[in-house]
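A structural walkthrough
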2 protein chains.
Amino acid sequence: MNLKNILEAFRKKGHRLTKTRKAMVRVFLHNNRPLSAADINSRLEHLAVTVNKTTIYREIDFLKKERFIREIELGDGMKRYELWPDDHHHHLICVECNSVKCIDMEHCLVNEEKKISEKNNFMIMEHSLKFFGLCAKCQ
Amino acid sequence: MNLKNILEAFRKKGHRLTKTRKAMVRVFLHNNRPLSAADINSRLEHLAVTVNKTTIYREIDFLKKERFIREIELGDGMKRYELWPDDHHHHLICVECNSVKCIDMEHCLVNEEKKISEKNNFMIMEHSLKFFGLCAKCQ
DNA sequence: CTTGCAAATGCAACTCAGTTGCATTATTAT
DNA sequence: ATAATAATGCAACTGAGTTGCATTTGCAAG
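Residues numbered from 1 in each chain as written. Chains lettered and ligands numbered in written order. Predicted model: local features only at pLDDT ≥ 70, side-chain atom pairs only at ≥ 80, totals over all residues. Heavy atoms only, no water.

1. Concerning the overall build of chain A
The helix and strand tally for chain A stands at five helices and six strands. Listed by position from the N terminus, the elements making up chain A come as α-α-β-α-α-β-β-β-β-α-β. The principal-axis extent of the C-alpha atoms belonging to chain A is close to 50 × 40 × 25 Å. With 139 residues in all, chain A has 43% of them scored as buried. Taking contacts inside chain A between residues at least 6 apart in sequence as the whole, the part at least 24 apart equals 47%. A total accessible area of about 8,400 Å² is found for chain A, and carbon and sulfur atoms account for 48% of it. Charged side chains of chain A number 25 positive and 19 negative; the gap between the two group centres comes to 7 Å. (Helix = DSSP H or I, 4+ residues; strand = E, 2+ residues; numbered from the N terminus. Buried < 20%, exposed > 50% of the residue type's maximum accessible area, 1.4 Å probe, protein only. Contact = heavy atoms within 4.5 Å. Areas by Shrake-Rupley, 256 points an atom, 1.4 Å probe, with all protein chains shown as cover. Lys, Arg positive; Asp, Glu negative; His and termini not counted. Charge placed at Lys NZ, Arg CZ, Asp CG, Glu CD.)

Take a look at the structure:
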């Protein structure tokens, strides 16, 4: 999963390799954690790539449709985006410094989901689990 | 936990019993599930109580401070509020009709939290768990 | 009942994340 | 080199929620 392969795959599907697209893919590959639109913008500025916010949102939409990233909500009124996960994982959110850490959870909640589905006649498609607390630095 | 007792408790603490306050407490008691500011407004109109949105938000803040309600995020860009829970519970959210159902989960994730805390040196204070899928009606 | 005062309210104008319409620019296949 | 159209920039907008400030109202004390 490197920059060149991803961009080549996009190009083969008929999508153009613009400076915004290349830079944003790079940003996500080099920052493996949830980023807000504002985070993305400041990372782009670091790469000397100046883009309009509309373009950032449109590129986010594109990368979501391509399943390169996915959208998550951490509850602070701002959407975040992270690399499309290979593994099933959740998030540790520090209430002090707002840092976010991803944690693996193999076979997470499968038994619980089965029980809940049956009891409530609700067909569970996915779940979202977040832990709020204090990270190592902020304790 | 009835209307009169709650209002009396507020009055004893020196808070005023305005028509907005009385109506909003009533709305939450009669709608035991997460409501958005817009939901609250339409319920108030049903009770023939017309209030400015600023007042609704300020009353939400008041009821949050009083721990009569709490704020939750369901991920649709709008905050929701529900009666302050006695029990530990989570939510089933229908991706089709957006209805929300509360479900009990006694001793939910306690063992997992212990493991996660130790492994990541993260002091967990609370967690949020949501199940997305199809409710009985929408399947 | 009247009065005084702080709590509560309404209004208008604002913030901030995200969206839309439209004219312009740039990438790519030929 | 060129044409087609994907991508961009800009300005104006939306919608949830907030703020400052002048006005109204609930309620306790006289």
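2. Some details on the domain arrangement of chain A
Many authors give the size of an interface as the accessible area that is lost as the parts come together. All names here are of chain A. In terms of domain boundaries, chain A breaks down into domain 1 (3-83) and domain 2 (89-133). Just the C-alpha atoms count here: the centres of domain 1 and domain 2 sit 25 Å apart. Each side of the interface is counted separately: domain 1 has seven residues, and domain 2 has seven residues. A buried area of about 570 Å², summed over both sides, lies between domain 1 and domain 2, and 58% of it is on carbon and sulfur atoms. Inspection of the domain 1/domain 2 interface yields zero salt bridges. (Domains from an automatic or database assignment. Buried area = accessible area lost by both parts, 1.4 Å probe. Salt bridge = Lys/Arg side-chain N within 4 Å of Asp/Glu carboxyl O.)

3. What to know about a nonpolar patch on the surface
Together, Val95(A), Met123(B) and Met125(B) line one region of the surface with nonpolar side chains, adding up to about 280 Å² of accessible area. Its place among the elements puts Met125(B) in strand β6 (residues 123-134). (Patch = residues over 30% accessible without salt bridge, like charges linked within 9 Å, V, L, I, M, F, W, Y side chains within 5 Å.)

4. Considering the relation of the copies chain B and chain A
With an RMSD of 0.1 Å, chain B superimposes on chain A once it is rotated by 180 degrees and translated 0.0 Å along the axis. Read as a symmetry element, the transformation amounts to a two-fold axis. Every residue of chain B has its C-alpha some distance from the rotation axis, and the shortest such distance is that of Leu129(B), at 2.3 Å. A share of 100% of interface residues in chain B that are also interface residues in chain A marks the association as one of identical surfaces. (Least-squares fit on C-alpha atoms with pLDDT ≥ 70 in both.)

5. Re the pairing of strand β2 (residues 69-73) of chain B
Residues and elements named next belong to chain B. For β2 and strand β3 (residues 79-83), the ladder comprises five bridges, and the chain directions are antiparallel. Of the residues in β3, the one forming a bridge with Ile72 is Arg80. Between β2 and β3, which follow one another and run antiparallel, lie five residues, and Gly75 among them has a positive phi close to 90 degrees. (Pairing = 2+ DSSP bridges.)

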